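Each chain, letter by letter, is given below.
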Amino acid sequence: MTGFPRGKTAIVGSATYGIGEAPGLESIDLAAQAGLLALDDAGIGLEEVDGLFVCLPDDMISGLSLAEYYGIHPRITDNNRTGGSAFLTYVAAAALALEAGECDVALITYGSNQRSRTGKLVAAAAHTRWEAPYKPAFAVSSYALAAARHMHQFGTTREQLAEVAVSARAWANLNPEAFMKGPLSIEDVMAARMVSSPLGVRDCCLVTDGAAAVVMTRADRAKDHAKRPAYVLGAAAETTHRDIASMPDLTVTGAARSGARAYAQAGVGAKDIDLVQLYDAFSINTILFLEDLGFCPKGEGGAFVQGGRIAPGGELPVNTNGGGLSCVHPGMYSLFTLVEAVRQMSGVCGERQIKDVELALCHGNGGSLSSQATVILGSEATL
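Residues numbered from 1 in each chain as written. Predicted model: local features only at pLDDT ≥ 70, side-chain atom pairs only at ≥ 80, totals over all residues. Heavy atoms only, no water.

Where an unreviewed UniProt entry is consulted, the protein chain appears under the name Thiolase, with the organism given as Thauera sinica.

Q: Is there a simple way to think about the sheet that holds strand 10 (residues 359-366) in this case?
A: Either a parallel or an antiparallel arrangement is found when strands of a sheet pair, and the pairing is made through backbone hydrogen bonds. Across the sheet, which stays open at both edges, the 9 strands sit in the order 3-2-4-7-1-8-11-10-9 with mixed pairing between neighbours. The outermost strands of the open sheet, each flanked by one partner alone, are strand 3 (76-78) and strand 9 (275-278). Put simply, the sheet's adjacent strands are angled 20° from each other on average, direction ignored. Two strands pair when backbone bridges link them, and strand 2 (residues 51-54) and strand 3 are joined in this way by 3 bridges, in the parallel orientation. Residue pairing for strand 3: Phe53 is matched across the bridge by Asp78. (Pairing = 2+ DSSP bridges. Helix = DSSP H or I, 4+ residues; strand = E, 2+ residues; numbered from the N terminus. Axes fitted to C-alpha atoms, helices over the stretch in contact; angles between N-to-C directions.)

Q: Please explain the UniProt feature "domain: Thiolase C-terminal" (unreviewed entry) in the protein chain as it appears in this structure.
A: Per the UniProt entry, the sites bearing "domain: Thiolase C-terminal" (unreviewed entry) are residues 237-378 in this numbering. When the span residues 237-378 is considered, its composition is 30% helix and 16% strand, and the gap between its end C-alpha atoms is 18 Å. (UniProt positions renumbered as here; feature names shortened; annotations may be inferred.)

Q: How should a nonpolar patch on the surface be read in this particular structure?
A: Nonpolar side chains collect at one region of the surface, where Met60, Ile61 and Leu64 lie side by side and expose about 350 Å² of accessible area between them. Inspection of the secondary structure puts Met60 in the loop between strand 2 and helix 2 (62-70). With a relative accessible area of 63%, Met60 lands in the exposed category. (Patch = residues over 30% accessible without salt bridge, like charges linked within 9 Å, V, L, I, M, F, W, Y side chains within 5 Å. Areas by Shrake-Rupley, 256 points an atom, 1.4 Å probe, with all protein chains shown as cover. Salt bridge = Lys/Arg side-chain N within 4 Å of Asp/Glu carboxyl O. Buried < 20%, exposed > 50% of the residue type's maximum accessible area, 1.4 Å probe, protein only.)

Q: Honestly, helix 3 (residues 86-99) in this entry has me stumped. Any pointers?
A: Side chains three or four residues apart in an α-helix point the same way, a direct result of the helix having 3.6 residues per turn. In this model, helix 3 (14 residues) spans 20 Å end to end at C-alpha, consistent with the 20 Å of a helix rising 1.5 Å per residue. Listed as buried for helix 3 are Ala86, Phe87, Leu88, Thr89, Tyr90, Val91, Ala92, Ala94, Ala95, Ala97 and Leu98. Looking one or two residues beyond helix 3, the residue adopting positive phi is Gly101, at roughly 80°. (Expected span 1.5 Å × (residues − 1).)

Q: Explain unusual backbone geometry here, please?
A: Glycine aside, a negative phi is what most residues show, and trans is what most peptide bonds show. Across the junction of Ser197 and Pro198, the peptide omega takes the value 10°, indicating a cis bond. Looking at the element boundaries, Pro198 is found in the loop between strand 5 (194-196) and strand 6 (199-200). At Asp356, a residue that is not glycine, the phi angle is positive and equals roughly 55°.

Q: Explanation requested: the pairing of strand 11 (residues 371-378) in the structure shown.
A: Looking along a regular strand, one sees the side chains alternate between the two faces of the sheet. Counting buried positions over the 8 residues of strand 11 gives 8, a clear majority of the element. Covered by surrounding structure in strand 11 are Ser371, Ala373, Val375 and Leu377 together with Gln372, Thr374, Ile376 and Gly378, the residues of both alternating faces. Pairing of strand 8 (residues 230-239) with strand 11 involves 8 bridges; the strand directions are antiparallel. Bridging from a neighbouring strand, Val232 pairs with Leu377 of strand 11. Across 8 bridges, strand 10 lies against strand 11 in antiparallel orientation. Its bridge partner being in strand 11, Leu361 is matched across the sheet by Ile376.

Q: Could you clarify how one ought to interpret the nonpolar core in this entry?
A: Note on soluble globular proteins: their nonpolar side chains tend to be buried together. Within the largest apolar cluster, 127 residues are counted, with the highest numbers of intra-cluster contacts made by Met216, Phe295, Leu338, Ile376 and Leu377. Looking at this core, the element that brings in the most residues is helix 3, giving 10 residues. If sequence neighbours within four positions are ignored, Met216 has contacts with Thr9, Ala10, Ile11, Val91, Ala94, Ala95, Leu98, Asp104, Val105, Ala106, Ile108 and Val232. (Core = buried A, V, L, I, M, F, W, Y, C linked by side-chain atoms within 4.5 Å. Contact = heavy atoms within 4.5 Å.)

Q: Even after reading the chapter, I still don't get the packing of aromatic side chains, so can you show me in this structure?
A: The way to describe two aromatic rings as a pair is by their centre distance and the angle between their planes. One pass over the full model with this rule turns up 7 aromatic pairs. Measuring from ring centre to ring centre gives 5.9 Å for Phe53 and Tyr90, while their planes differ by 50°; the resulting arrangement is tilted. Of this pair, Phe53 sits in strand 2 while Tyr90 is found in helix 3, placing the two residues 37 residues apart along the sequence. The exposure class assigned to Phe53 is buried, which follows from its relative accessible area of 1%. Look at Tyr333 and Phe336: their rings are 5.8 Å apart centre to centre, the planes differ by 10°, and that puts the pair in the stacked class. (Phe/Tyr/Trp six-rings, centres within 6.5 Å; stacked < 30°, edge-to-face > 60°.)

Q: What is the right way to read helix 2 from this model?
A: All of the buried residues along helix 2 are Ser62, Gly63, Ser65, Leu66, Ala67 and Tyr70. Looking at the buried positions of helix 2, the neighbouring elements they touch are helix 1 (27-42), strand 2, strand 3 and strand 4 (106-112). Just beyond helix 2, the residue with positive phi is Gly71, at close to 75°.

Q: Could you clarify how one ought to interpret the side chain of Asp78 in this entry?
A: One can find Asp78 in strand 3. Buried and without a salt bridge, Asp78 has Arg81 as its closest oppositely charged side chain, separated by 9.1 Å. Of note is the side chain of Asp78, whose polar atom sits 2.8 Å from the backbone nitrogen of Asn80. Filtering out sequence-adjacent residues up to four positions away, Asp78 remains in contact with Leu52, Phe53, Val54, Tyr90 and Ala93. (Lys, Arg positive; Asp, Glu negative; His and termini not counted. Polar contact = N/O pair within 3.5 Å; in protein donor to acceptor, adjacent residues only side chain to side chain.)

Q: Sorry, what's going on with the packing of helix 3 against helix 13 (residues 334-346) here?
A: Packed helices, taken two at a time, are described by their axes: the angle between them and the distance between them. Direction vectors running N to C along helix 3 and helix 13 enclose 60°, while the axes themselves pass 6 Å from each other. Judged by the angle between their axes, helix 3 and helix 13 are oblique. In this structure, helix 3 contributes Ala86, Phe87, Leu88 and Val91 to the contact, and helix 13 contributes Ser334, Leu335, Thr337 and Leu338. Looking at the contact of helix 3 with helix 13 residue by residue, the classes come out as 6 nonpolar, 2 polar and no charged. (Parallel < 35°, antiparallel > 145°, perpendicular 65-115°, else oblique. Nonpolar A, V, L, I, M, F, W, Y, C, P; charged D, E, K, R; others polar.)

Printed below as a string of structure tokens:
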């Protein structure tokens, strides 16, 4: 017994809005519009939302702000911040609240006008005195440190990192919504401008505007709102540190534990998963998470992604929308993993559609590989 309400709640609506560039709109405008579109997708009125889960990049109390913006009075408002993993932790919180009867309709939404507002990724100062003297570019230098250690310890190569970016671009080329398209080769990735060694610019996520949202209800009403609901089978999180200088092992993330708990809740394993959506802020993320989530042994992630294994036509579809590397990355990405998984399970993805998706794994990352959250979604057949 895990205590998690396996299959008792479901995602019944999802949407994106303003992907790429959305000039003239604030972050809250984008989040609000995505939320309305997700509710429309579910056929649920805004007045029914009594659980509101949101955090905006420029508003520390955005749960209050969005409730006011919408003119609603939710019973539960969650503005928890664990970085980019927050929206998958919201799924766990919403599932528990719905099952307990504390709310009936949960809306999880996010939006950011990062690209329109700044035009670039703004590097923050290091948080601790231990890192600050080295003047790292936050957050890329933290991930570069993890990548360098993985290369040193396991022999991972820059070409293998490049495979991740090339695979993501191949998926993006099949996605009408993706911001970055066009040919991309391993040679292109290798020749791109270095940002923080060993990560070049094509190893790094996009800087875009955009918003995403999902709607959750209890399973007993899911069929009333979605032709093919995505039932929440498992959801777990793990925090290991805040700053990269305090990470226990640069090659092992909290995904090893959040994934294990989510699998146990769902009663499935990595071998059962049809579709994987990972928070790929940097190319090393995909390799680390594939290892830690059990898709290959530790240290073999670089070899695992070679030969198009995670690209269109490969044996394991990963980041089928193009991911944060080629589709969208408005500051925080994890909610987009849910939207893409739900769309794939609903069979509405056109050229990039994966056949017979019954089980999907979504994984979010926050901070400097600090907070990890894993959600496993299943079709009715998996209940």
